[in-house]
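Residue-level structure breakdown
The primary structure of each chain is shown beneath.
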Amino acid sequence: MMIRNLVVKCHRLGPVTFKVGFNFVRFSSNSHTYISKPNTRVRKVKTKEEIANELFERQLKSDNRLIRWGAIARSDKFRKGMTKYLIGLYVIFLIYGGSFMKELYGKEKELETIQAKETTGNINEYEQLRMKSMTGKLRTRDKLKLEKYEEMKKEGKDNFDGVELDGEEYEINNKNKHILPARDTTEFYEGKAVDYDKEVNFEERMIFMGRRRKWLMRHCKGDVLEVSCGTGRNIKYLDPSQVHSITYIDSSKNMIELSQEKFKERFPKFANAAFVVGKAEDLLNLASRNDEESKTVKYDTIVESFGLCSHEDPVKALKNFAKLLKPGGRIVLLEHGRGEYDFINKALDDRAEKRLETWGCRWNLDIGELLDDSGLDIVDESRTHLGTTWCIVAKKKGDSKSKEEIGFYEKYVSSGVQSKLETASNSSKHQQTK
Ligand SMILES: C[S@@+](CC[C@H](N)C(=O)[O-])C[C@H]1O[C@@H](n2cnc3c(N)ncnc32)[C@H](O)[C@@H]1O
């Protein structure tokens, strides 16, 4: 500080030392007036606050990102901004929370109305679809039907009692001309057997299919049936300690022989294994003894991987699986079919013919539609590879879920509305398939 003719009055001060220029000048309170020399530099002793401010300014310009960010977070500007930000978030939360609660309330009211109607008579197809949409379980066919109903609503129709849309018109598997008609693929796989593993290995490795096969085989316990076992690509994932017996079935003799070889090599001591040449569509005949229902062989687990796409009648096959399940038994499927995005479905459709020629399968089937038509209850459903790989655990209608199958969300978090919806949509599905 440049000071000219600085006059310091020190009435009440005791002896005080000021730094003047580079010298220390001492004066006492007895001297009432001090006149400095002109052009003398005086550096005032810094207060704690000033030192802290200087440090803060230095930290704001620091090269070290952590120090700089720390300083920014302590700055007034940031704190004020943060307050605004938090208030903004709170407002968004209130708006979102409000609309969520409103939606939930709306659902509850709609559900109550549908349920009340259900006790007096049959609910109509539109209401069944509404219930499904509330649980987020609409299949493609359902979506198309619901869209049609919404269109009709816009045109002024508001009561759909007695209205049922023509199912066939909305069936993807029949309507889409790129989904080729089903056929008997036995001959094809008889010829493919020798090269099958070699040709499929690379493709499967690229998409980590081993993990999915492992997932599939983890479910095997008790008496197990593997349908369309092919060359036995799932055998290496089988844990025989969980299995009492295992039956393999495939329509191609050449394919199943390779399975048998692999099994013997891997589990030479496991005696309770059978290998049957036959079709999934004929399973009931194959499993029945003297046509007596009570003597029909039943299973705890029925698994199938990539079989539905090559069956002549996949829905019949699935219905057969349900009939061969023991109480509490499960059907576990690893299948491929239509995906979740239009672009991938287009790619599957465009190459459907080529695929059938080289692999004998219809890879663009809507697996969800097959499952719905089979009347099975889905316990767990997940999809990978853009939705084209379907991992399904299903049970017979009426069987209850085990403790492990009721997920954490369903058990502790899901609202009362959600569980009511589950129950209601299950009971309406029941009505539909009767
Ligand atoms: C794509 S391969 C899948 C083989 C094996 N499951 C896998 O994951 O690699 C389809 C298999 O299904 C068999 N298959 C086709 N139609 C069948 C039917 N109707 N009943 C039983 N098996 C069938 C074929 O012989 C072939 O082995």
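Per an unreviewed UniProt entry, the protein carries the name Methyltransferase OMS1, mitochondrial and comes from Vanderwaltozyma polyspora. Turning to the protein, the UniProt annotation filed under Sequence similarities (unreviewed entry) states: "Belongs to the methyltransferase superfamily. METL family."

Our focus in this paragraph is the nonpolar core. Within the largest apolar cluster, 28 residues are counted, with the highest numbers of intra-cluster contacts made by Val-227, Ile-302, Leu-318, Phe-321, Ile-331 and Leu-333. At the level of elements, β7 (222-227), α10 (283-287), β10 (299-305), α11 (314-323), β11 (325-336), α14 (367-374) and β13 (389-395) are the ones that each hand at least two residues to this core. Here this core takes five residues from α11, the largest share from any one element. One finds Trp-215, Phe-267, Phe-270 and Val-303 within the second-largest nonpolar core, a separate group that totals 23 residues.

Here we come to the site of the ligand. Around the ligand, the structure places 20 residues, and the nearest of them are Ser-228, Asp-250, Ala-280, Glu-281 and Ser-305. With respect to the ligand, the backbone of Ser-228 contributes an N or O atom lying 2.6 Å from a nitrogen atom. In the model, a nitrogen atom of the ligand is placed 3.2 Å from a nitrogen or oxygen of the Ser-310 main chain. Contact with the protein chains hides 97% of the accessible area of the ligand, taken as 590 Å² for the molecule alone. Of the residues belonging to the shell around the ligand, the class tally is six nonpolar, nine polar and five charged.

Those places that UniProt annotates as "transmembrane region" (unreviewed entry) correspond, in this numbering, to residues 82-101. With 100% helix and 0% strand, the stretch residues 82-101 has end C-alpha atoms that lie 28 Å from each other.

Taken N-terminus to C-terminus, the directions of helix α4 (residues 125-134) and helix α5 (residues 140-154) make an angle of 120°; their axes are 10 Å apart at the nearest point. The angle between the axes of α4 and α5 places the two elements in the oblique class. Every pair of crossing elements has a handedness; the one defined by α4 and α5 is left-handed. Two secondary-structure elements touch here, α4 through Glu-125, Tyr-126, Leu-129, Arg-130, Lys-132 and Ser-133 and α5 through Asp-142, Lys-145, Leu-146, Tyr-149, Glu-150 and Lys-153.

What counts, and where the lines are drawn
Positions within a chain are numbered from 1, following the residues in the order the chain's sequence is written. Given that this is a predicted model, residues contribute local features only at a pLDDT of at least 70 and side-chain atom pairs are listed and counted only at 80 or more, while totals for whole chains, interfaces and linings are drawn from all residues. Think of the side-chain values as coming from all heavy atoms in the structure, minus any hydrogens and water. UniProt positions are given in the numbering used here, feature names are shortened, and annotations may be inferred rather than shown by experiment. We define the nonpolar core as a collection of buried residues of types Ala, Val, Leu, Ile, Met, Phe, Trp, Tyr and Cys that are connected through side-chain atoms lying within 4.5 Å of one another. Only protein chains enter the accessibility calculation, which uses a 1.4 Å probe. A residue is then buried if its area is under 20% of the maximum for its type, exposed if over 50%, and partly exposed in between. Secondary structure elements are taken from DSSP: a helix is a run of H or I of four residues or more, a strand is a run of E of two residues or more, and numbering for both begins at the N terminus. Each residue is tested against the molecule or strand, and it is near if at least one of its non-hydrogen atoms lies within 4 Å. Whenever a nitrogen or oxygen atom comes within 3.5 Å of another N or O atom, the pair is scored as a polar contact, on the condition that within protein one atom can donate a hydrogen and the other can accept it, and that pairs from neighbouring residues in sequence are kept only if both atoms are in side chains. Each accessible area value is a Shrake-Rupley result obtained with a 1.4 Å probe; residue values ignore everything except the protein chains displayed when judging cover. The classification used treats Ala, Val, Leu, Ile, Met, Phe, Trp, Tyr, Cys and Pro as nonpolar, Asp, Glu, Lys and Arg as charged, and all other residues, Gly among them, as polar. With axes taken as lines fitted to C-alpha atoms, and helix axes fitted only over the stretch in contact, angles between N-to-C directions fall between 0 and 180 degrees. Put simply, angles under 35 degrees are roughly parallel, angles over 145 are roughly antiparallel, angles from 65 to 115 are roughly perpendicular, and the rest are oblique. Each crossing is labelled by how the near helix is turned from the far one, with a counterclockwise turn of less than a right angle marking it left-handed and a clockwise turn marking it right-handed. The contact rule is simple, with two residues in contact once any of their heavy atoms fall within 4.5 Å.

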